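Topology and contacts: notes
Okay, here's what each chain looks like letter by letter:
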Amino acid sequence: MAARQAVLLMAYGSPQTLDDVGTYFTHIRGGRTPPAEQIEELRERYRRIGGTSPLRAITARQAEALQQTLARQGMGIPVYTAMKHAPPFIADVVGVMAAEGIRDAVALALAPHYSRLSVAGYFSAAREAAAAHGIALRAVESWHDHPGFIAALAARLRRALARCASPEEAEVVFTAHSLPERIRTWDDPYPVQLMRTCDLVAALATLPSWRLAYQSASHTGEPWLGPDLLAVLRALAAEGRRQVVVCPVGFVADHLEVLYDIDVEAREVAASLGLRLERAPSLNAEPDFIAALADLITRAFREEGAR
Ligand code: FEC
């Protein structure tokens, strides 16, 4: 009999309530509790987006839609969700999968660009738990150039451009989460993969010009990748631009970094500079994006052997 198969869909995770923000932030910091004022400042950002992030609910919807799409393609297997920084944690979910008889799984992190400081963490947790429980695990580690993902982003970008009064005058700024600059010293693929995504989306959307900006850098006392989104907005205003379209290619769902860092913070800065800001809508659980995920999963199952 074939080994029972499943998908493990991994997302960043978010605090369930404002009371969980301290524990969550401590987990992000690798177990070191941040100063109380930093925790309060983060809590305030969650308050500004309504008290909680929709990330958990959207991840569940993505998993459900993926399971249905795979079933329609003749692959009736369960899709489990697990989080990197909040319950249900990756190791615990892999334990549940083993207890439910899963022996063969494909794991995918809902983060399209690989970095040793981001995506690698999802897979080290998944691989360690899978090995301990005797599950053969295949990994979809980077999918920044998947044609379905690129087409889904280009479609969202076109929607945002269509909302601009004069789309031809709008400057497009692609964004992704920043990371400490030291990743460049070990040839991390993150910046190169990001640039590739931007090039492909820009070509598909036939953009005459565009920029890449990093967003959401933390205050950790070391330099982070730039230019920062807010600095790019200031530069655009100084060049006399009046309309900007922000397209967050590094994220696939609405969550704090989109709903606060772009929709609140960047929008406030843009308004103060006389710049109109439109944001490309997130991919969330929409069918075109889910079809791309299903393609990545079915291809991984077809590949020989487990990695
Ligand atoms: O909606 C939510 O509740 C969660 C939104 C969320 C996503 C996300 C994605 C990424 N992060 C990445 C890297 C880092 C690094 C640090 C870091 C810190 C935070 C903090 C919050 C947070 N991140 Fe995040 N990230 C999200 C939320 N992130 C909150 C802590 C407060 C702050 O610093 O703003 C710094 C760690 C440290 O302090 O030592 C590095 C990367 C991604 C995109 C890939 C992925 O989704 O995994 C890279 C969503």
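This structure is a prediction, so every number in the text was calculated from the model and none was measured.

**Some words on the pattern of salt bridges**
The final tally for this structure, using the stated rule, is 19 salt bridges. In this structure, the salt-bridge partner of Arg 48 is Glu 268, at a minimum N-O distance of 2.8 Å. Placement of the pair is Arg 48 in helix 2 (residues 36–48) and Glu 268 in helix 10 (residues 261–272), with a sequence separation of 220 residues. Residue Arg 48 is classed as partly exposed on the basis of its relative accessible area of 43%. The exposure class of Glu 268 is partly exposed, given its relative accessible area of 47%. For Arg 159, the salt bridge identified is with Glu 286, shortest N-O distance 3.4 Å. Here Arg 159, found in helix 6 (residues 147–162), pairs with Glu 286, found in the loop between strand 8 (276–279) and helix 11 (287–302); they are 127 residues apart in sequence, far enough to count as distant. On the basis of relative accessible area, Arg 159 is assigned to the partly exposed category, the value being 38%. The structure contains a network of salt bridges with shared partners spanning Glu 40, Arg 43, Glu 44 and Arg 47.

**As for unusual backbone geometry**
Among all residues save glycine, negative phi is the norm, and among peptide bonds the norm is trans. Cis geometry marks the peptide bond from Pro 87 to Pro 88, where omega comes out at -5 degrees. Note on placement: Pro 88 falls in the loop between strand 2 (79–83) and helix 4 (90–99). Note the cis peptide between Gly 226 and Pro 227, where omega equals 5 degrees. Its location among the elements puts Pro 227 in the loop between strand 6 (210–215) and helix 8 (229–238). Not every positive phi belongs to a glycine, and Ser 216 is a case in point at roughly 65 degrees. Among the secondary structure elements, Ser 216 is positioned in the loop between strand 6 and helix 8.

Criteria and cut-off values
Residues numbered from 1 in each chain as written. Predicted model: local features only at pLDDT ≥ 70, side-chain atom pairs only at ≥ 80, totals over all residues. Heavy atoms only, no water. Salt bridge = Lys/Arg side-chain N within 4 Å of Asp/Glu carboxyl O. Helix = DSSP H or I, 4+ residues; strand = E, 2+ residues; numbered from the N terminus. Buried < 20%, exposed > 50% of the residue type's maximum accessible area, 1.4 Å probe, protein only.

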